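Listed below are the residues making up each chain.
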Amino acid sequence: MGGHILSVAIVSGSGGLVGSEASQRFAAAGYDVVGIDNDMRRLFFGADASTLWNVDRLERSIGSGYWHFSVDIRNREAVRDVFRIYGREVEVVVHAAAQPSRDWGEREPSTDFAVNALGTLNLLEATREFAPEASFIFTSTNKVYGDAPNSLPLIELDTRYDIEPGNRYHAGIREDMSIDACHHGVFGASKAAADLMVQEYGRSFGLNTVCFRTGTLAGKHQSATSHHGLLSYLMRCVISGTHFTVYGYKGKQVRDLMHASDLVTAFIEYSKNPRPAEVYNIGGGRKISFSIVEAIDRVQALTGKQMNWSYLSVMRAGDAIWWIGDSSKFETHYPQWALTRNLDMIFEEVHEMNVDRWSEAT
């Protein structure tokens, strides 16, 4: 760790999709990057979901500008120890570590809440103590709205559900949708608790905090599983011949999609001119969206293979039938930001990434 550090970005969950993208991009922007990741994704989802390969890639690609700490964010003192080293040289904190699965959260609510809510509190407290001027960027989720979007006037089309024209949310769901009086699931509730606390540290303590409520994210460096990483896992299934189960709504439930690189660009724009306690819905919007059956058709076309899949009419508790986020608030506040990857580009990149890793399983 020799040499004078000019500016530091601390990234929790640095081995994950968003965390690794943030680590690379902030390093390229001239920051020394401190990664925090103890590979809990392996504990959650098994060996295939381990992020160690991605941490190794960061250490090789970024080199001396990346320092890694295998720290559990539930451990308050261990988190404080990392922040104490760098102090006020920390200019950005990207909090991307999480227990990210609805299903897993139902199995172990205490662990889910400790990672998502208590871990967030530990990072906020360390930031307040050692780096109070830093931008604290939280990767939140659309799951904080639970199944509230299901109350919208939806219409069924051939391959997807949609919202009735003229509805106030037709362009996408804005931040004014209530998070109350709906079914969140354990995961959604723990992320909502973290989201609210991030906002509160902006309001009560003046920290430069922001919550980005994302939809479906994708990119090259995702350790996808059946519980998390929908697009990458779909691609993995069709390439390897693994069975995939579609749950409920005839497979017509809709998700918007965004490349992790575009999300991190939003992080960078925010860090240049932070607005305390802000909340932004962010995603691909109507133009970059898909239903499950539409996604299956796309991955089959890309791979030239038929997917081994089946349908269960069981509705997953708290699952939104239609999620398209409206990013217009963020676009108004940060007009330099724009999406750079369209639907075809994202699907093709995820396909290429999965071919090398899973084609041998066929």
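Our subject is the structure listed above.
Here is what the cut-offs are and how they apply
Residues numbered from 1 in each chain as written. Predicted model: local features only at pLDDT ≥ 70, side-chain atom pairs only at ≥ 80, totals over all residues. Heavy atoms only, no water. Pairing = 2+ DSSP bridges. Helix = DSSP H or I, 4+ residues; strand = E, 2+ residues; numbered from the N terminus. Axes fitted to C-alpha atoms, helices over the stretch in contact; angles between N-to-C directions. Contact = heavy atoms within 4.5 Å. Phe/Tyr/Trp six-rings, centres within 6.5 Å; stacked < 30°, edge-to-face > 60°. Buried < 20%, exposed > 50% of the residue type's maximum accessible area, 1.4 Å probe, protein only. Disulfide = S-S within 2.5 Å. Core = buried A, V, L, I, M, F, W, Y, C linked by side-chain atoms within 4.5 Å. Left-handed = near helix turned anticlockwise from the far one by under 90°. Patch = residues over 30% accessible without salt bridge, like charges linked within 9 Å, V, L, I, M, F, W, Y side chains within 5 Å. Areas by Shrake-Rupley, 256 points an atom, 1.4 Å probe, with all protein chains shown as cover. Salt bridge = Lys/Arg side-chain N within 4 Å of Asp/Glu carboxyl O.

J.: Mind laying out the sheet that holds strand β12 (residues 278-282), listing which residues take part and the relevant values?
T.: A sheet is described by the order of its strands in space; here seven strands give the open sequence β3-β2-β1-β4-β5-β8-β12, paired in parallel fashion. Edge positions in the sheet fall to β3 (66-69) and β12, since each of these pairs with one other strand and no more. The sheet shows a mean angle of 20° between the axes of neighbouring strands, direction not considered. Relative to strand β1 (residues 8-12), helix α1 (residues 17-28) is tilted by about 170°, and along the sheet it contacts β1, β2 (32-36), β3, β4 (90-95) and β5 (135-141).

J.: Which residues make up the packing of aromatic side chains, and what values go with them?
T.: In total, this model carries 17 aromatic pairs according to the counting rule given. An angle of 25° between the planes, with centres 5.5 Å apart, marks the rings of Tyr145 and Trp323 as stacked. In this pair, Tyr145 is assigned in the loop between β5 and β6 (154-156) and Trp323 in strand β15 (residues 322-323), connecting sequence segments 178 residues apart. The exposure classification of Tyr145 matches that of Trp323, with both residues buried. Both rings, one in Tyr280 and one in Tyr334, keep their centres 6.2 Å apart while their planes meet at 80°; by these two values the pair is edge-to-face.

J.: Kindly report on the state of the cysteines, identifying the contributing residues and their values.
T.: Scanning all chains against the criterion turns up zero disulfides. Looking at Cys182, it has no disulfide partner, and the nearest cysteine sulfur is the one in Cys211, 16 Å off. Overall, the relative accessible area of 0% leaves Cys211 in the buried class.

J.: Could you give an account of the nonpolar core, naming the residues involved and the relevant values?
T.: In this structure, Val34, Phe83, Tyr86 and Val90 are the most contacted members of the largest nonpolar core, which totals 36 residues. Excluding residues within four positions of it along the chain, Val34 makes contact with Val8, Ala9, Ile10, Val11, Trp67, Phe69, Val82 and Tyr86.

J.: An account of the packing of helix α4 (residues 76-86) against helix α6 (residues 109-130) is requested, with residue identities and associated values reported.
T.: The contact between α4 and α6 brings their axes to 9 Å, and the two run at 35°. Crossing hand, α4 versus α6: right-handed. Of the residues in α6, those in contact with Arg76, Val79, Arg80, Phe83 and Arg84 of α4 are Asn122, Leu123, Glu125, Ala126, Thr127, Glu129 and Phe130.

J.: Help me get a handle on a nonpolar patch on the surface, residues and values and all.
T.: There is a patch of nonpolar side chains on the surface, built from Tyr247, Leu312 and Val314 and spanning about 250 Å² of accessible area. Here Tyr247 lies in strand β10 (residues 244-247). When its relative accessible area of 31% is taken as the criterion, Tyr247 is described as partly exposed.

So, to be careful, I would describe these as geometric facts and stop short of saying anything about function.
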